[in-house]
Amino acid sequence: MNYVLTTASKNEQKAYQQTIKKYRPAKPMGKNMIRAFLVGGLICEIGQIVQWFFVKFAHFSIQDAGNPTVAVMIFLAACLTALGVYDKFAGWAGAGSAVPVTGFSNTMTSAAMEHRAEGWVAGVGGNMFKLAGPVIVYGVVSAFFVSLIRYLWIHLV
């Protein structure tokens, strides 16, 4: 069946959306921002503790401890996602759990788990990067432009 949106139906949709706005509860923006700030900071603090362990007990330099620290944080987030803990935590924490590298790990692990029934190649491999792919692309592109600006700044100014 072909349905054509008429002017009346568009007006009805607008009226419906306005009615919904009246009854929708207000979002506690201040509380959500504070929670996201504190949770994001807590995740970063855990990362600092992990880095400290690499420096203190494995005798890494601070610079060399960065990569294994990120690997441990990714591993922890993937394990917590697999156990169903990270999603509940992210629902409560909001954006604070999505911004650090742990949020990226959660996204990739969730997609891999969701599509595992389709097989390793077509399911996990094919769908895992659908959500994470744009993050990688925009991260690489923005890093290129920041590096270019820095190079030009240093050599032209």
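A brief report on the enclosed structure follows. The structure displayed is predicted, hence computed values, not measured ones.

### Some details on the overall build of the protein
(1) Moving on: Within the protein, the secondary structure is distributed over six helices and zero strands.
(2) Moving on: Along the protein, helices (α) and strands (β) appear in the sequence α-α-α-α-α-α when read from the amino end.
(3) Moving on: Here the C-alpha atoms of the protein give a radius of gyration of 22 Å, more than 25% beyond the 15 Å that 2.2 N^0.38 yields for 157 residues.
(4) Moving on: Considered along the principal axes of its C-alpha atoms, the protein spans approximately 70 × 50 × 40 Å.
(5) Moving on: With an accessible surface of roughly 12100 Å², the protein has 70% of that area assigned to carbon and sulfur atoms.
(6) Moving on: In the protein, 13 side chains carry a positive charge and 6 a negative one; their mean positions are 12 Å apart.

### A few points about a nonpolar patch on the surface
(1) Moving on: Residues V137, Y138, V141, F144, F145, L148, Y151, L152, W153, I154, L156 and V157 make up a contiguous nonpolar surface patch of about 1300 Å² in total accessible area.
(2) Moving on: Here W153 shows up in helix 6 (residues 120-156).
(3) Moving on: Exposure remark for W153: the relative accessible area of 59% places this residue in the exposed category.

### Quick word on helix 2 (residues 29-57)
(1) Moving on: The end-to-end C-alpha distance of helix 2, which contains 29 residues, comes to 42 Å, matching closely the 42 Å that a straight helix rising 1.5 Å per residue would cover.
(2) Moving on: Among all positions in helix 2, only A36, V39, G40, I43, G47, V50, Q51 and F54 are buried.
(3) Moving on: Looking at the buried positions of helix 2, the neighbouring elements they touch are helix 3 (66-82), helix 4 (85-93) and helix 5 (101-114).
(4) Moving on: H59 lies just past helix 2 and shows a positive phi near 60 degrees.

Rules and cut-offs
Residues numbered from 1 in each chain as written. Predicted model: local features only at pLDDT ≥ 70, side-chain atom pairs only at ≥ 80, totals over all residues. Heavy atoms only, no water. Helix = DSSP H or I, 4+ residues; strand = E, 2+ residues; numbered from the N terminus. Rg over C-alpha atoms; globule rule 2.2 N^0.38 Å. Areas by Shrake-Rupley, 256 points an atom, 1.4 Å probe, with all protein chains shown as cover. Lys, Arg positive; Asp, Glu negative; His and termini not counted. Charge placed at Lys NZ, Arg CZ, Asp CG, Glu CD. Patch = residues over 30% accessible without salt bridge, like charges linked within 9 Å, V, L, I, M, F, W, Y side chains within 5 Å. Salt bridge = Lys/Arg side-chain N within 4 Å of Asp/Glu carboxyl O. Buried < 20%, exposed > 50% of the residue type's maximum accessible area, 1.4 Å probe, protein only. Expected span 1.5 Å × (residues − 1). Contact = heavy atoms within 4.5 Å.

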